[in-house]
Amino acid sequence: MKEIPIGVDNGFGNTKGCNSIIQSGVRKLSTKPPLETHVVEYNGEYYAVSCQKMDIQKSKTENEYTLVSTMAIIGEELKRKGISNADIRLGVGLPLTMMGSQKTDFLNYMLRNRRLNFKYEGKSYSVYIISVDVFPQGYAAVVDKLDKFGTSTVVIDVGSWTIDILPIVEGQPDMAKCKSLSLGTITAMNEINEALRQKFGEEADEAIIKDVMIHKTSNINNEYLQVIQTGLYSYVEDIMNNLRSLKFNSSLTEFVFIGGGASIIKNFSKEIGSNTTIIEDVHINARGYEDILRHKYKVVG
C-alpha cells in the first residue's frame with residue numbers, strides 16, 4: 001500500500017492539517033448523535049469534535065481527546081484524497097520549549113495504537129501508522145525558508161493560548177533564548193470582552209472578534225467595532241513590548257510572525273517595518289511537517 005505523509009498541528013485552539021482545520025475541543029457523547037458532522041466513532045464510543053477549544057492541560061497526552069482530534073484531521077485529509085485505507089507517516093509537533101520534557105511521551109502516545117479503525121462523519125477509515133515524528137513547532141514551519149532570512153531572525157508563532165518565540169541565528173535555533181508566553185489570542189478576546197462588558201454590559205461572540213482580527217473591520221455596530229479594534233491594537237502593543245523586553249534588536253533582527261494570529265500583527269501593529277515578515281497561513285506547521293516527512297522518507301502524496 002502507498003505510504004502517505006500527514007502532518008497534524010495539535011493546537012489548543014485549533015487542530016490543523018495541510019488542507020483542513022477543526023476546533024480542538026472534543027466532547028464524548030453518550031449515544032450516537034442524529035447528525036454525524038464532525039463526529040468520530042472509535043472503539044464503540046462517539047466523540048463530537050470541533051465543538052469548542054481544548055481545555056488547557058499540562059500535556060496533550062492526558063486523555064484520548066488529542067488522538068480523537070488527530071483522527072478527525074486524518075479523516076479530513078484522506079477524504080480529500082478520495083481514499084479510506086492508508087499506511088501513513090504521521091508528523092506532529094510541540095513547542096520547542098517542550099520538546100525535551102514531552103517529546104517521548106507524545107511520541108509514545110501517538111504510537112500506542114498503530115492500527116486505527118474509526119469512522120469520521122459516518123465513513124469508515126482504516127489507517128496503519130508506520131512512523132511518528134515529533135517536530136518543533138515554528139522551526140519546522142520555516143525550515144524551507146531559512147535561506148531567505150537574515151543572519152538573526154526571530155520566529156513568533158501566535159497561537160490561541162501561547163506565543164512561542166524561536167530565535168534563529170545563522171539557520172540554527174538558539175535554544176537558550178526560546179520562550180513560550182501565555183499571551184495567545186484568547187488573551188485578547190478575554191480582555192476585549194471585559195471592556196465590552198464594562199461599556200455595554202454585554203460581550204461579543206468569539207466569531208465576531210475573530211472576524212475583526214482577520215479583516216481589521218466587520219459589518220457590526222460601530223461602537224462595538226471601535227472597542228474591539230482598540231483592544232487588538234493594545235494586544236499587539238503588548239506583544240511588541242514583550243519582544244523588546246527580551247532584548248531583541250528590532251533594527252538588526254528580522255521578525256517572522258506565523259500562525260493563526262499573524263493576521264492580527266498585520267492589521268493592528270503600528271511598527272511593521274521592512275524587517276518584518278508575516279505569514280498568515282494557519283496550516284504552515286502542518287505543511288512543514290509533511291515537507292520534512294517527504295524529504296526524510298522519500299515519499300509523495
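So, a few notes on the structure that sits alongside this text. (Residues numbered from 1 in each chain as written. Predicted model: local features only at pLDDT ≥ 70, side-chain atom pairs only at ≥ 80, totals over all residues. Heavy atoms only, no water.)

## Considering the side chain of Thr70
And then number 1: Among the secondary structure elements, Thr70 is positioned in helix H1 (residues 65-81).
And then number 2: Judged by its relative accessible area of 2%, Thr70 is buried. (Helix = DSSP H or I, 4+ residues; strand = E, 2+ residues; numbered from the N terminus. Buried < 20%, exposed > 50% of the residue type's maximum accessible area, 1.4 Å probe, protein only.)

## Thoughts on empty space enclosed by the protein
And then number 1: Overall, the coordinates contain one cavity of 30 Å³ or more when judged by the stated rule.
And then number 2: In this model, the largest cavity occupies a volume close to 80 Å³.
And then number 3: Lining the largest cavity are Pro95, Leu96, Thr97, Gln137, Gly138, Val155, Asp157, Asp164, Ile165, Leu166, Cys178 and Lys179.
And then number 4: Looking at the lining of the largest cavity, the elements with two or more residues in it are strand E11 (152-158) and strand E12 (163-169).
And then number 5: In the lining of the largest cavity, the residues fall into six nonpolar, three polar and three charged. (1 Å grid on protein atoms, 1.4 Å probe; cavity = no way out; pocket = protein on both sides within 12 Å on 5 of 7 lines; lining within 4 Å. Points joined across faces, edges and corners; volume = space filled by probe spheres on them. Nonpolar A, V, L, I, M, F, W, Y, C, P; charged D, E, K, R; others polar.)

## Re the nonpolar core
And then number 1: With 47 residues, the main nonpolar core has Ile88 and Phe118 as its most contacted residues.
And then number 2: Ranked by the residues each element gives to this core, the list is headed by H1, at seven residues.
And then number 3: Apart from the residues within four sequence positions on either side, Phe118 is in contact with Glu41, Tyr42, Met71, Ile74, Gly75, Lys123, Ser124, Tyr125 and Val127.
And then number 4: Among the nonpolar cores identified, the runner-up in size contains 33 residues, and Leu181, Val227, Val236 and Leu243 belong to it. (Core = buried A, V, L, I, M, F, W, Y, C linked by side-chain atoms within 4.5 Å. Contact = heavy atoms within 4.5 Å.)

## Focus: unusual backbone geometry
And then number 1: Of note, Asn43 is a non-glycine position whose phi angle comes to about 55 degrees, a positive value.
And then number 2: Mapped onto the elements, Asn43 comes out in the loop between strand E6 (39-42) and strand E7 (45-49).
And then number 3: The exposed category is assigned to Asn43, whose relative accessible area is 64%.
And then number 4: The phi dihedral of Lys247 falls on the positive side, at around 70 degrees, and the residue is not glycine.
And then number 5: Along the chain, the position of Lys247 falls in the loop between helix H6 (222-245) and strand E15 (254-258).

## So, the sheet that holds strand E3 (residues 14-16)
And then number 1: Pairing within the open sheet is antiparallel, and its three strands lie in the order E2-E3-E4. A single partner strand is all that each edge strand has here, and the edge strands are strand E2 (9-10) and strand E4 (21-23).
And then number 2: The pairing of E3 with E4 spans three bridges and is antiparallel. Paired with Lys16 across the bridge in E4 is Ile21. (Pairing = 2+ DSSP bridges.)

## Let's talk about the pairing of E7
And then number 1: Counting buried positions along E7 yields four of five residues, so the element is predominantly enclosed.
And then number 2: Inspection of the sheet shows strand E5 (residues 26-29) paired to E7 by four bridges, in the antiparallel sense. By the bridge assignment, Leu29 is partnered in E7 with Tyr46.
And then number 3: Where E6 lies against E7, four bridges are found, and the strand directions are antiparallel. Across the sheet, Val39 pairs through a bridge with Ala48, a residue of E7.

## A word on H1
And then number 1: When the terminal C-alpha atoms of H1 are compared, their 25 Å separation across 17 residues agrees well with the 24 Å that a helix rising 1.5 Å per residue should span.
And then number 2: Among the residues trailing H1, Gly82 stands out with phi positive, at a value near 75 degrees. (Expected span 1.5 Å × (residues − 1).)

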